[in-house]
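Descriptive structure summary
Letter by letter, the chains look like this.
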Amino acid sequence: MTFAQDFFIGAATAAHQVEGNNIHSDYWAQEHMTHTEFLEPSGDAVDHYNRYSEDIRLMADAGLNAYRFSVEWARIEPEEGRFEEKELAHYLDMIHTCREHHIEPVVTLLHFSSPKWLITKGGWESDEIPAYFARYVRFVMERLGKELHYVCTINEANMGLQVAAIAERYKKQMMARMQSAQTDGTVQMGLNLEKMMANQEAAAKERMEIFGVPRTEGFTSPRTPHGDEIVMEAHKAARAVIREIAPHVQVGLSLSLHDIQALPGGEENAAKEWAEEFTHYLPAIADDDFLGVQNYTRTRMDASGSLPTPEGAELTQMDYEFYPEGLEHVIRKVSEDFKGALLVTENGIATADDTRRTAFIETALSGVNNCIADGLPVKGYFYWSLLDNFEWQKGYSMTFGLIAVDRTSQTRFPKPSLNFLGNYCKR
Ligand code: BGC
């Protein structure tokens, strides 16, 4: 299996997950709350902020020809309206280092983390978001625009709606459990309930002290339908700025896309889920140059809703079904409706067994190859992630990386999968 010379084979990271000490961000503040949902704080992460040249060199040595990374809004605008030139100089240096190693930099402008001040202003449910985001994007693009060919405005723009759906399902399950516990007279349930309420109140009080609001509307908080529209407005405003300042740049956003499969009777549910995850965004993204496709597994649905993973299925550390075939299915499905180019901006597996990672990559890439053979405009594949890193609320427990890191010394240990991926790349 070979790919054209200009096909991108690369890896992806996100600033907050790898850089370390992102102290002005909403995530940093939440990680350090007494009532935190995070297993551990991000701390120094894998010190990519200082070690990016080593990491880019490792990528190049293995043969990769592209790197997707994000610039951090909270570093660039740590206080509202105060922009840091030195942070842009840092990212410019990263871009130059990529170019020296013949690696195409693909930059994401927002990958989940936001400046803390933005949350105080109402966060991602506020109608002011598109204007704030566009102002930040202008500052970034004026400095970086001429150096870039591809810019992703927002990572997984649909994440908030997905989180809202999961939160809703969880709430229903909890309610059902509580009701049955009450009817069969389980007293502990009442006691736990009190504690739960007390915890919630204490957390709201703490959020008030830290952010000045009782509910934090971060980018990955459960999103309302109005908030979902705001995210699309922010994307469109950013796209307009990019086209004004750097018209040569290819612009798009990325979406988290499950391979949604309908079992007999589940067709209606599956269609509804796909509409929420993908098709309702079409009017907002139809003018984009590319779509970033991000897939990790599949979801099977029947008439009752989504089903648990099949009995005996191999599970990843994230408890997802090992299902690399999903990527090909998703690419085929999105290209029925989206007519621009496609970049696989994320696809990967959390596992301690690197041979399963290479198997995952091999199947996923063969699916990509099938799509290209059928004339679909797939322009690149970025494995998630270059490095073992900070997996948000799960901390450092998930190992997605092509490179392991001993975080006590920050020593890098490339895994065989790094070379395996690089070998697909013809320079
Ligand atoms: C996100 C990454 C995350 C990865 C693995 C994607 O949803 O963009 O930030 O680490 O999945 O869970």
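Higher on the page you've got the structure.
Bear in mind the structure is a predicted one, so any value in this text is a computation, not a measurement.

**Describing the sheet that holds strand β9 (residues 305-306)**
- With respect to topology, three strands assemble into an open sheet ordered β6-β8-β9, the strand pairing being mixed. Of all strands in the sheet, those with a lone pairing partner are β6 (259-262) and β9, marking the two edges.
- Pairing of β6 with strand β8 (residues 298-302), which is carried by four bridges, proceeds in the parallel orientation. Looking at β8, one finds that I260 is bridged to T299.

**Notes on the sheet that holds strand β2 (residues 66-70)**
- Judged by pairing direction, the barrel is parallel, and its eight strands sit side by side in the order β1-β2-β3-β4-β5-β7-β10-β11 before closing back on the first. Neighbour-to-neighbour, the strand axes of this sheet turn through a mean angle of 25°, independent of strand direction.
- Pairing geometry for β2 and strand β3 (residues 104-110), over five bridges, is parallel. Residue pairing for β3: F69 is matched across the bridge by V107.
- Across the face of the sheet, helix α7 (residues 129-144) comes into contact with β3 and β4 (150-154) while running at roughly 155° to β3.

**Observations concerning the site of the ligand**
- With respect to spatial proximity, 13 residues lie near the ligand, and among them Q17, H111, E156, E346 and E391 are the closest.
- Within the side chain of E346, a nitrogen or oxygen atom sits 2.9 Å from an oxygen atom of the ligand.
- Measuring from an oxygen atom of the ligand, one finds a side-chain N or O atom of E391 at 2.6 Å.
- Within the complex, 94% of the 310 Å² of free accessible area of the ligand lies under protein.
- For the shell around the ligand, the residue count by class is six nonpolar, four polar and three charged.

**What about the packing of aromatic side chains?**
- Applying the stated criterion across every chain yields a total of 24 aromatic pairs.
- A ring pair is formed by F38 and F390, whose centres lie 6.3 Å apart and whose planes are at 5°; its orientation type is stacked. You can see F38 sitting in the loop between α2 (26-31) and α3 (48-62) and its partner F390 sitting in the loop between β11 (378-384) and β12 (403-406), a full 352 residues away along the chain.
- Residue classification places F390 among the buried residues on the basis of a relative accessible area of 0%.

**Some details on the side chain of S256**
- With respect to the helices, strands and loops of the structure, S256 is situated in strand β5 (residues 250-256).
- Since its relative accessible area comes to 8%, S256 is described here as buried.
- Apart from the residues lying within four places of it in its own chain, the contact partners of S256 are E156, N158, M159, Q162, E277 and Q294.

**Here's the deal with α3**
- Between its first and last C-alpha, α3 extends only 18 Å over 15 residues, short of the 21 Å set by a 1.5 Å rise per residue.
- A positive backbone phi angle near 110° is found at G63, which sits one or two residues after α3.

Basis of the calculations
- Residues numbered from 1 in each chain as written.
- Predicted model: local features only at pLDDT ≥ 70, side-chain atom pairs only at ≥ 80, totals over all residues.
- Heavy atoms only, no water.
- Pairing = 2+ DSSP bridges.
- Helix = DSSP H or I, 4+ residues; strand = E, 2+ residues; numbered from the N terminus.
- Axes fitted to C-alpha atoms, helices over the stretch in contact; angles between N-to-C directions.
- Contact = heavy atoms within 4.5 Å.
- Near = heavy atom within 4 Å.
- Polar contact = N/O pair within 3.5 Å; in protein donor to acceptor, adjacent residues only side chain to side chain.
- Areas by Shrake-Rupley, 256 points an atom, 1.4 Å probe, with all protein chains shown as cover.
- Nonpolar A, V, L, I, M, F, W, Y, C, P; charged D, E, K, R; others polar.
- Phe/Tyr/Trp six-rings, centres within 6.5 Å; stacked < 30°, edge-to-face > 60°.
- Buried < 20%, exposed > 50% of the residue type's maximum accessible area, 1.4 Å probe, protein only.
- Expected span 1.5 Å × (residues − 1).

None of the figures reported here should be taken as evidence of function without further support.
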